[in-house]
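Each chain is listed here by its residues.
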Amino acid sequence: MNKIHPFFILAASLMLLMGCSEAESSEDGRPDVVVTTTFIYDMVQVISEDTDAFDTSLVIPAGEDPHIYQPKASDLKLILEADTLIYQGVNFEGRMVDVLDEGVSVTKNFSEDKLMFEGEGEADPHFWFDIDLYKSATNTVYETLAEAYPEHRDTFLRNRDAYFEELDALDAYVGDRIEEIPPSSRLVITPHDAFGYLASNYDLEVHAPQGISTDSEVSNSTIEETANLIMSRDIKAIFVETTTNPDQMKRLQEIIDSRGGAVEVVGSEGEALLSDSLAQEGDSGDTYISMFRHNIDTITQHLK
């Protein structure tokens, strides 16, 4: 018999207590746009710049891993009382997907042929490393906000168009920086497979002992295979992510050391790659564009 997640028991209880009441606006009287991830929060901030149409609330805090984030009662209340709810989809918010159905998924217009899959099964949710897909998701945010707050549609549209120009410039920047890395060294090794879309769109390879979810186990044989790959390609550096455990990368380094090789684990403060979350507000990488530039600059610096 399947177990019912405590979050959904809590959901049912809270809905009964609330009497399925209509959503309440925020304390300052403006409606509340609730988003699940930092990426969507950044999209909303960009699109709504120079307006006071609504307040924006974030469910999964910056620096947390959405794959394994344990939702709280306050998160559920925020979701249920949202005037507008926007979420990622593609099973990224793994432990709260069943309470997001009333919202809008930024991936709703993605065709299946644009998504990447792990083997024959689960879709890879890390689409933000494909700038074209990110633009599509941002456009869904624009359409959602324009429909909900039509009096600000023109401003939303201007902001979207200006942002798309910035994203096109980012795309060119990423391609130029990767060209600085010798072709034989263009292998990015990270704990979990968050960079498949990056490899698919640029001249890079990626490899991760873990799959696309940080909730999966890593076998000893997979670690050994990764170590063999590092040795055979004479890779200079492997990368820690801000939302993953660095132990896998340290273990790989120990294996390489034991074989007489050397590889740097890149993961000190300010250098770890940002994969499943943007940085804390005020830190480098707290916006999508600065996150992408941080990752590419770090990868290029240590592999070229």
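Residues numbered from 1 in each chain as written. Predicted model: local features only at pLDDT ≥ 70, side-chain atom pairs only at ≥ 80, totals over all residues. Heavy atoms only, no water.

### Observations concerning the overall build of the protein chain
Logical step 1: Broken down by element type, the protein chain carries 9 helices and 8 strands.
Logical step 2: Burial analysis of the protein chain (304 residues in total) assigns 51% to the buried set.
Logical step 3: Long-range pairs, those at least 24 residues apart, make up 70% of the contacts in the protein chain with a sequence separation of at least 6.
Logical step 4: Accessible surface computed for the protein chain: about 14,400 Å², of which carbon and sulfur atoms make up 46%. (Helix = DSSP H or I, 4+ residues; strand = E, 2+ residues; numbered from the N terminus. Buried < 20%, exposed > 50% of the residue type's maximum accessible area, 1.4 Å probe, protein only. Contact = heavy atoms within 4.5 Å. Areas by Shrake-Rupley, 256 points an atom, 1.4 Å probe, with all protein chains shown as cover.)

### Here's the deal with the confidence of the model for the protein chain
Logical step 1: On average, residues of the protein chain carry a pLDDT of 88, and 88% of them reach 70 or more.
Logical step 2: Residue range residues 1–6 is modelled with pLDDT below 50. Its contacts to residues more than four positions away, or to other chains, number 3 contacts.
Logical step 3: Segment residues 12–24: pLDDT under 50, and 12 contacts once partners within four positions in sequence are set aside and those in other chains are kept. (pLDDT = per-residue confidence, 0-100.)

### Notes on the packing of helix α7 (residues 220–233) against helix α8 (residues 247–258)
Logical step 1: Across the interface, α7 lies against α8 with an axial gap of 10 Å and an inter-helix angle of 60°. As summarised for this structure, α7 and α8 are arranged oblique, according to the angle between their axes. Handedness of the α7/α8 crossing: right-handed. Mapping the contact onto sequence places Asn220, Ile223, Glu224, Thr226, Ala227, Ile230 and Met231 in α7 and Arg251, Leu252, Ile255 and Ile256 in α8.
Logical step 2: Split into classes, the residues belonging to the contact of α7 with α8 amount to 7 nonpolar, 2 polar and 2 charged. (Axes fitted to C-alpha atoms, helices over the stretch in contact; angles between N-to-C directions. Parallel < 35°, antiparallel > 145°, perpendicular 65-115°, else oblique. Left-handed = near helix turned anticlockwise from the far one by under 90°. Nonpolar A, V, L, I, M, F, W, Y, C, P; charged D, E, K, R; others polar.)

### Considering the pattern of salt bridges
Logical step 1: Scanning the model with the defined rule gives 12 salt bridges in all.
Logical step 2: A salt bridge links Asp75 to Lys72, with the nearest nitrogen and oxygen atoms 3.7 Å apart.
Logical step 3: When its relative accessible area of 41% is taken as the criterion, Lys72 is described as partly exposed.
Logical step 4: Its salt-bridge partner being Glu180, residue Arg177 comes within 2.8 Å of it at the nearest N-O pair.
Logical step 5: You can call Glu180 partly exposed: its relative accessible area is 38%.
Logical step 6: Connected through salt bridges with shared partners, the residues Arg177, Glu180, Asp297 and Lys304 form a single ionic network. (Salt bridge = Lys/Arg side-chain N within 4 Å of Asp/Glu carboxyl O.)

### Focus on unusual backbone geometry
Outside of glycine, negative phi angles account for most residues, and trans bonds account for most peptide bonds.
Logical step 1: Of note in the backbone geometry, Val90 takes a positive phi value of approximately 55° without being a glycine.
Logical step 2: For Asp234, which is not a glycine, the phi torsion comes out positive at approximately 55°.
Logical step 3: One can find Asp234 in the loop between α7 and β7 (237–239).
Logical step 4: By relative accessible area, Asp234 is classed as exposed at 62%.

### A short note on the pairing of strand β2 (residues 55–58)
Logical step 1: In the sheet, strand β1 (residues 32–35) pairs with β2 via 4 bridges, with the strands oriented parallel. Bridge pairing in β2 links Val34 to Ser57. (Pairing = 2+ DSSP bridges.)

### Quick notes on the sheet that holds β1
Logical step 1: Spatial ordering of the open sheet is given by β2-β1-β3-β4, a layout of 4 strands whose pairing is parallel. Only two strands of the sheet have a single neighbouring strand rather than two, namely β2 and β4 (104–105).
Logical step 2: Set on the sheet, helix α2 (residues 38–47) makes contact with β1, β2 and β3 (84–87); between it and β2 the angle comes to about 170°.
Logical step 3: Along the sheet face, helix α4 (residues 131–148) touches β1, β3 and β4 and points at about 175° away from the line of β3.

### Let's talk about the nonpolar core
Logical step 1: Within the largest apolar cluster, 71 residues are counted, with the highest numbers of intra-cluster contacts made by Leu145, Tyr288 and Phe292.
Logical step 2: For this core, the element with the highest residue contribution is α4, accounting for 8 residues.
Logical step 3: In this structure, Tyr288 is in contact with Phe39, Asp42, Trp128, Ile131, Tyr134, Tyr163, Leu167, Leu170 and Leu278, ignoring residues within four places of it in sequence. (Core = buried A, V, L, I, M, F, W, Y, C linked by side-chain atoms within 4.5 Å.)

### Thoughts on the environment of Met116
Logical step 1: Here Met116 shows up in the loop between β4 and α4.
Logical step 2: Once the C-alpha coordinates of Met116 and Gly196 are considered, the two residues, 80 residues apart in sequence, prove to be 7.6 Å apart.
Logical step 3: Residue contacts for Met116: discarding those within four places in its chain leaves Glu122, Ala123, Asp124, Gly196, Tyr197 and Ser200.

### Section: α2
Logical step 1: Of all 10 residues in α2, 8 are buried, a share of seventy percent or more.
Logical step 2: Buried positions along α2 lie against β1, β2, β3, α4, α5 (153–178) and α9 (288–303).

### Thoughts on the packing of α2 against α5
Helix packing geometry: the angle between the two helix axes and the distance between the axes.
Logical step 1: One way to put it is that α2 packs onto α5 with a least axis distance of 8 Å and a crossing angle of 115°. Seen from α2, the contacting residues are Asp42, Val46 and Ile47; seen from α5, they are Thr155, Phe156, Asn159, Arg160 and Tyr163.
Logical step 2: Residues of the contact of α2 with α5, tallied by class, amount to 4 nonpolar, 2 polar and 2 charged.

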